[in-house]
Amino acid sequence: LSSGGSHMTTADTERVFPSTDWEVRAPEALGFDTQRLERARHLVDGAGSSPYRVVVVRGGYLMAEWMGGIDAGTRLGQASASKSYFSCLLGIAVAEGVIPSADARVVDVYPEMMDVGPGDGPKPGRHAFDKDRDITFRQLIGNTSGYMKPGEAPGTVFHYQTFGMNILTNSLATAYGLYDSGDPDRLPGANRLLEEKIRDPIGGSWEHQYSDFEHPPDAKKGIFGHSSRVVATARETARAGWLWLNGGRWRDTQVVPESYLRHATRTNDDIVAREPVENWHYGLGFWTNDHGGLWPDLPRDSFAVRGTGAKLIWVCPSLDLLVTQNPGNWEDAGMPVDGNRHIGEQLAAIAGALR
C-alpha cells in the first residue's frame, strides 16, 4: 500500500477534533468502499477467539467500531502502550525547560537511580552499574539505556524493558516536584503529569494507575518501580492517537512539541547505527515503520503504540487514518514483535478499503 490514495490533509480541510465523544460518519462519506470494508471487518472478527474491540477514525470522525466479547465502556490497562505517553511527557518537559535536553544525563536529575546496589534490584544480577551514570533521557525512552543490564553500555543495545521506563517517569515527576522515591505514595507522581500535560488538554477522560511486579523483599522498588499505566477504552486511546496524527496539536494548542513527536515516531539513531536492520522499528517510545520493518505493505509514515494484551494504536498521517485495538484478538505472546503478520493483514485490509 503506498502512502498516496484518497486522503485528506490539513491543507485540504479544516481539522476536526472530537468533543466529549466522537462524531460518527458513514464509511462512504469518509472515502471507504463498503464492500471492501466489510471484508476487513470479517477478517478482524475471524482472527481469533479472544475478545476484541476495534475503532477506526478518519478525518476526525469515528467511522467504525467493531466489538466481540467486550463492551465499549470497559477500561483496560494499556501495559507497554503507556510508553508512548511517557515519550510525550519527555518532549513536553524539555520544551518547558524542566529537563535541559533529551540528551541530558538522567543521574543529574534523579541521582537515586544509582542507589540500587547488588541485592537491591528486581532480580539477581540486576542493579545499577557505574556505566549507568551516563544514561540519557533519550536512551531511556528509546530502550537503548542498558539500565541495570550487565554488559550493555548506554546507547549500544536495543533492549525493550520496563525498569528504564520507570526511571524515566520517576525522574520526570521528581523534576516537577511530584515524586519522592523514598515514599512513592506521598506525592501524586507521573500520573499527575499524564493528566495535566496530555489527558486534560485534549478533553480525555481515561484513568491512570500505578502497578509493580513482584520483587524481592529488599528491592528498592520506590526507585525503579511504581510503574505508571494508562487505563482506557478504545475510543479513549483513539483520542490520544488523533493527537499524535495531528503532530501533537489539539485544536489551537500544541500539546506535544511537533518537532519532538516527528523525531520520536521515526527509528532512533542508536538503533540505526548499532542494530541489525531487522531491529529498525523503534523510535522514542513509538514503534516505527519508516524503514518498512514492522509492516512492509503499509505506508512508511505510519507508526504504532503497542502493549501486551494486544493493545494497539496505529497512526497513518498520509491516509488521515488511525486504528486502535483495545484489546485485539490475535495471539500476541512474545510481544512486542510477535503478532506482526496478523495485525499487519488486518491494518492493510482496513487501509485498503479506501477508494
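Our subject is the structure that appears above.
As a starting point, this report considers the structure included with it. (Residues numbered from 1 in each chain as written. Predicted model: local features only at pLDDT ≥ 70, side-chain atom pairs only at ≥ 80, totals over all residues. Heavy atoms only, no water.)

**Describing the nonpolar core**
Then comes step 1: In this structure, Trp244 and Trp314 are the most contacted members of the largest nonpolar core, which totals 100 residues.
Then comes step 2: Setting aside residues no more than four positions away along its own chain, Trp314 makes contact with Trp295, Leu298, Pro299, Ser302, Phe303, Ala304, Leu321, Leu322, Val323, Leu347 and Ala351. (Core = buried A, V, L, I, M, F, W, Y, C linked by side-chain atoms within 4.5 Å. Buried < 20%, exposed > 50% of the residue type's maximum accessible area, 1.4 Å probe, protein only. Contact = heavy atoms within 4.5 Å.)

**Let's talk about the packing of helix 2 (residues 82-95) against helix 4 (residues 163-175)**
For any two helices packed against each other, the geometry comes down to the angle between their axes and how far apart the axes lie.
Then comes step 1: Orientation of helix 2 relative to helix 4, taken along the N-to-C sense of each, is 40°, at an axis distance of 10 Å. In this view, helix 2 runs oblique relative to helix 4, as classed from their interaxial angle. Two packed elements cross with a definite hand, and for helix 2 against helix 4 that hand is left-handed. From helix 2, Lys83, Phe86, Leu89, Leu90 and Ala93 reach across to helix 4, where they touch Met165, Leu168, Thr169 and Leu172.
Then comes step 2: Among the residues forming the contact of helix 2 with helix 4, the class breakdown is 7 nonpolar, 1 polar and 1 charged. (Axes fitted to C-alpha atoms, helices over the stretch in contact; angles between N-to-C directions. Helix = DSSP H or I, 4+ residues; strand = E, 2+ residues; numbered from the N terminus. Parallel < 35°, antiparallel > 145°, perpendicular 65-115°, else oblique. Left-handed = near helix turned anticlockwise from the far one by under 90°. Nonpolar A, V, L, I, M, F, W, Y, C, P; charged D, E, K, R; others polar.)

**A closer look at the sheet that holds strand 4 (residues 207-211)**
Then comes step 1: The strand order across the open sheet formed by 3 strands is 3-5-4, and the pairing between neighbours is antiparallel. Looking along the sheet, the strands with just one partner apiece sit at the ends: strand 3 (76-77) and strand 4. (Pairing = 2+ DSSP bridges.)

**Let's talk about the packing of helix 2 against helix 5 (residues 190-199)**
Then comes step 1: The interhelical angle for the contact between helix 2 and helix 5, taken along N-to-C directions, is 75°, at an axis separation of 10 Å. Regarding the angle of helix 2 to helix 5, the classification is roughly perpendicular. Taken together, the residues of helix 5 that come into contact with helix 2 (itself represented by Tyr85, Phe86, Cys88, Leu89 and Ile92) are Ala190, Leu193, Leu194, Lys197 and Ile198.
Then comes step 2: For the contact of helix 2 with helix 5, the class distribution of residues is 9 nonpolar, no polar and 1 charged.

**A few points about the packing of aromatic side chains**
Then comes step 1: In the structure shown here, the tally under the stated rule is 12 aromatic pairs.
Then comes step 2: Between the aromatic rings of Tyr160 and Tyr282, the centroid separation amounts to 5.9 Å while the plane-to-plane angle is 90°, which identifies the pairing as edge-to-face. A residue pair is termed long-range when its members are at least 10 positions apart, and Tyr160 in the loop between helix 3 (137-141) and helix 4 and Tyr282 in the loop between helix 9 (269-274) and strand 8 (287-288) qualify at 122 residues.
Then comes step 3: In this structure Tyr160 comes out as partly exposed when scored by relative accessible area, which is 21%.
Then comes step 4: On the basis of an interplanar angle of 90° and a centroid distance of 5.4 Å, the ring pair of Phe163 and Phe224 is categorised as edge-to-face. Of this pair, Phe163 sits in helix 4 while Phe224 is found in helix 6 (residues 221-224), placing the two residues 61 residues apart along the sequence.
Then comes step 5: Relative accessible area serves as the criterion here: at 13%, Phe163 is assigned to the buried category.
Then comes step 6: One aromatic cluster is present, formed by Tyr85, Trp206, Trp244, Phe286 and Phe303 through successive ring pairs.
Then comes step 7: Positioned over the ring face of Tyr61 is Arg25, at 4.0 Å from the centre of the ring. (Phe/Tyr/Trp six-rings, centres within 6.5 Å; stacked < 30°, edge-to-face > 60°. Lys NZ or Arg CZ within 6 Å of the ring centre and 35° of its normal.)

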